[in-house]
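Residues per chain, in single letters:
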Amino acid sequence: MYLVNVRLDLADGAPSPSLPETRALLWAAVRPGDGVEHIYAQPCGRSVEAVLFVERPTLAEAERCCDTVLDRCAAGGPRFSRHSSVPLPLLVELLGEQSER
């Protein structure tokens, strides 16, 4: 499982959608077989960041899958850009090391 971090790209003056609206926009662009299992959204200043939990064998495949979902989303409305990707086990390990300090 990979976590792919994306941010909503807002046009100047455009209002940011709510967190449920953001998740709904992304879910509307997901297709069966994309491997997206969960979407989490949080505010980020005036914008919204989201994390897509993607089940794929490799990081490169997870990123390609996410890019495809984001392209579909942009075709029907708001644009998102991918900011980072990390394997879930690595994130859990890093968080564990932080809590030990």
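Scroll up for the structure.
In this text the structure is predicted, and so the values were computed from the model without any measurement.

Analysis parameters
Residues numbered from 1 in each chain as written. Predicted model: local features only at pLDDT ≥ 70, side-chain atom pairs only at ≥ 80, totals over all residues. Heavy atoms only, no water. Helix = DSSP H or I, 4+ residues; strand = E, 2+ residues; numbered from the N terminus. Contact = heavy atoms within 4.5 Å. Buried < 20%, exposed > 50% of the residue type's maximum accessible area, 1.4 Å probe, protein only. Arc of directions from axis to C-beta. Core = buried A, V, L, I, M, F, W, Y, C linked by side-chain atoms within 4.5 Å. Pairing = 2+ DSSP bridges. Axes fitted to C-alpha atoms, helices over the stretch in contact; angles between N-to-C directions.

Enquirer: How would you summarise the environment of cysteine 73 if you had to cite specific residues and measurements?
Expert: Mapped onto the elements of the fold, cysteine 73 is located in helix H2 (residues 59-76). Placed 44 residues apart in sequence, cysteine 73 and alanine 29 show a C-alpha to C-alpha distance of 5.2 Å. Not counting chain neighbours up to four residues away, the residues in contact with cysteine 73 comprise Leu25, Leu26, Ala29, Pro78 and Phe80.

Enquirer: Lay out helix H1 (residues 19-29) in plain terms, naming residues and giving numbers.
Expert: For H1, the complete set of buried residues consists of Thr22, Leu26 and Ala29. The buried residues of H1 occupy an angular sector of 60° when the element is viewed end-on, so they sit on one face. Facing away from the buried side of H1, by more than 90 degrees, are the exposed residues Pro20 and Ala28. Residues of H1 that are buried sit in contact with strand E2 (36-44), strand E3 (47-54), H2 and strand E4 (79-87).

Enquirer: Account for the nonpolar core, naming residues and giving values.
Expert: Ranked by size, the top nonpolar core spans 21 residues in total, and within it Val6, Leu26, Val36, Leu52, Val54 and Phe80 carry the most contacts. Secondary structure elements with two or more residues in this core: strand E1 (2-9), H1, E2, E3 and H2.

Enquirer: How would you summarise the sheet that holds E4 if you had to cite specific residues and measurements?
Expert: With antiparallel pairing, 4 strands are arranged side by side in an open sheet as E2-E3-E1-E4. The sheet terminates laterally at E2 and E4, the two strands that pair on one side only. With direction set aside, neighbouring strand axes in the sheet form an average angle of 20°. Pairing of E1 with E3 involves 6 bridges; the strand directions are antiparallel. In the sheet register, tyrosine 2 faces E3, and the bridge partner there is valine 54. Running over the sheet, H1 touches E2, E3 and E4 and is turned about 145° from E2. Sheet contacts for H2: E1, E2, E3 and E4; angle to E4, the most-contacted strand, approximately 165°.

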